[in-house]
Amino acid sequence: GAVVSQHPSRVICKSGTSVKIECRSLDFQATTMFWYRQFPKQSLMLMATSNEGSKATYEQGVEKDKFLINHASLTLSTLTVTSAHPEDSSFYICSANTGGRETQYFGPGTRLLVL
Amino acid sequence: DAKTTQPPSMDCAEGRAANLPCNHSTISGNEYVYWYRQIHSQGPQYIIHGLKNNETNEMASLIITEDRKSSTLILPHATLRDTAVYYCIVRGKNSGNTPLVFGKGTRLSVIA
């Protein structure tokens, strides 16, 4: 199957700092990428849809000014958690498809811990 | 997309077949059944999908009932590494630009 990578795999930061997470499609071009968040013992919750060359679409309750998404190329989307707080500590997962594919592939996830 | 219902948890002995059920009684004619799994602290992994015919790949088999209102994912010889949460998701054809919506899934524990 297609490969999606994320970097970093885990990050620890101080409260108030910003953290950038990268999501890359390694062997295909992704016109659309998705960002999910997962808290312990819960399922994945969609945060936003990232479209190459246009603004991201955010789910209800997700602050667009806090979770900045940039999809500048067909293989890279970034999620920046601005002014991170301990409640932002979570497992962040991206996924991608090409638009023509029926199957969505997921990255390995990034575990964020805000102290 | 149609809603799915899965048991919250199941156990399976190592080496035996794991049969994971999923109900999707409101599925429409152009919707596929997808299965993903998530091993602890990893991203979801695609397993298999189907429309109406049974499907098999190197990971699993998918059996869809004739009325398409339910399906079963079969792991023929479960190993300890198959311990994970398994998600059954119904999704329309040509939905490449729409996200997958995850329910609570079934937590499969493979026991030695």
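Everything discussed here concerns the structure shown above.
Reference entry: report on the structure contained in this document. (Residues numbered from 1 in each chain as written. Chains lettered and ligands numbered in written order. Predicted model: local features only at pLDDT ≥ 70, side-chain atom pairs only at ≥ 80, totals over all residues. Heavy atoms only, no water.)

**Digging into the overall build of chain B**
The secondary structure content of chain B amounts to zero helices and nine strands. Listing the helices and strands of chain B from first to last along the sequence gives β-β-β-β-β-β-β-β-β. Scaling as 2.2 N^0.38, a compact globule of 112 residues should have a C-alpha radius of gyration of about 13 Å, and chain B matches this with 13 Å. C-alpha atoms of chain B, sized along the principal axes, occupy 40 × 30 × 25 Å. Here chain B holds 112 residues, and 45% of them are scored as buried. Looking at chain B alone, contacts between residues at least 24 apart form 57% of all its contacts between residues at least 6 apart. (Helix = DSSP H or I, 4+ residues; strand = E, 2+ residues; numbered from the N terminus. Rg over C-alpha atoms; globule rule 2.2 N^0.38 Å. Buried < 20%, exposed > 50% of the residue type's maximum accessible area, 1.4 Å probe, protein only. Contact = heavy atoms within 4.5 Å.)

**Some details on the overall build of chain A**
Within chain A, the secondary structure is distributed over zero helices and 11 strands. The N-to-C order of helical and strand elements in chain A reads β-β-β-β-β-β-β-β-β-β-β. Relative to a compact globule of 115 residues, whose C-alpha radius of gyration would be 13 Å, chain A shows 13 Å and is just as compact. Taken along the three principal axes of its C-alpha coordinates, chain A extends 40 × 25 × 20 Å. The 115 residues of chain A split such that 52% are buried. Considering only contacts within chain A whose residues lie at least 6 apart along the sequence, 55% involve residues at least 24 apart. Here chain A displays about 5,600 Å² of accessible surface, and carbon together with sulfur accounts for 52% of that area. Averaging the locations of the 11 positively and 9 negatively charged side chains of chain A gives two centres separated by 7 Å. (Areas by Shrake-Rupley, 256 points an atom, 1.4 Å probe, with all protein chains shown as cover. Lys, Arg positive; Asp, Glu negative; His and termini not counted. Charge placed at Lys NZ, Arg CZ, Asp CG, Glu CD.)

**Concerning the state of the cysteines**
If you walk through the whole model with that rule in mind, you get two disulfides over all chains. Through a disulfide, A:Cys23 is tied to A:Cys94; the S-S separation comes to 2.0 Å. Taking the sign of the torsion about the S-S bond as the criterion, the disulfide between A:Cys23 and A:Cys94, at about 80°, is right-handed. Within this pair, whereas A:Cys23 is found in strand β3 (residues 19-25), its partner A:Cys94 is found in strand β9 (residues 90-97), the two being separated by 71 residues in sequence. The same class applies to A:Cys23 and to A:Cys94, which are both buried. The partner cysteine of B:Cys22 in its disulfide is B:Cys88, sulfur to sulfur 2.1 Å. Judged by the torsion about the S-S bond (-80°), the B:Cys22/B:Cys88 disulfide is left-handed. A residue pair is termed long-range when its members are at least 10 positions apart, and B:Cys22 in strand β2 (residues 18-23) and B:Cys88 in strand β8 (residues 84-92) qualify at 66 residues. With relative accessibility at 1%, the residue B:Cys22 sits in the buried group. Free cysteine: B:Cys12, not disulfide-bonded; nearest cysteine sulfur from B:Cys22 at 18 Å. (Disulfide = S-S within 2.5 Å.)

**A closer look at the nonpolar core**
Residue and element names in this part refer to chain A. Counting residues in each nonpolar core, the largest one holds 26 residues, and the members touching the most others are Val4, Trp35, Met47, Phe67, Leu79, Tyr92 and Leu112. Put simply, the parts of the chain that give this core at least two residues each are β2 (10-13), β3, β4 (32-38), β5 (45-51), β7 (67-73), β8 (76-81), β9 and β11 (110-114). Leaving out residues up to four positions away in the same chain, Leu79 has contacts with Val19, Lys20, Ile21, Trp35, Phe67, Leu68, Ile69 and Tyr92. (Core = buried A, V, L, I, M, F, W, Y, C linked by side-chain atoms within 4.5 Å.)

**Details of the side chain of A:Arg37**
Residues and elements named next belong to chain A. Looking at the element boundaries, Arg37 is found in strand β4. Despite its burial, Arg37 pairs with no opposite charge; the closest candidate is Asp88, at 4.7 Å N-O. Apart from residues lying up to four places away in sequence, Arg37 is in contact with Ser43, Leu44, Met45, Met47, Phe67, Ser90, Phe91 and Tyr92. (Salt bridge = Lys/Arg side-chain N within 4 Å of Asp/Glu carboxyl O.)

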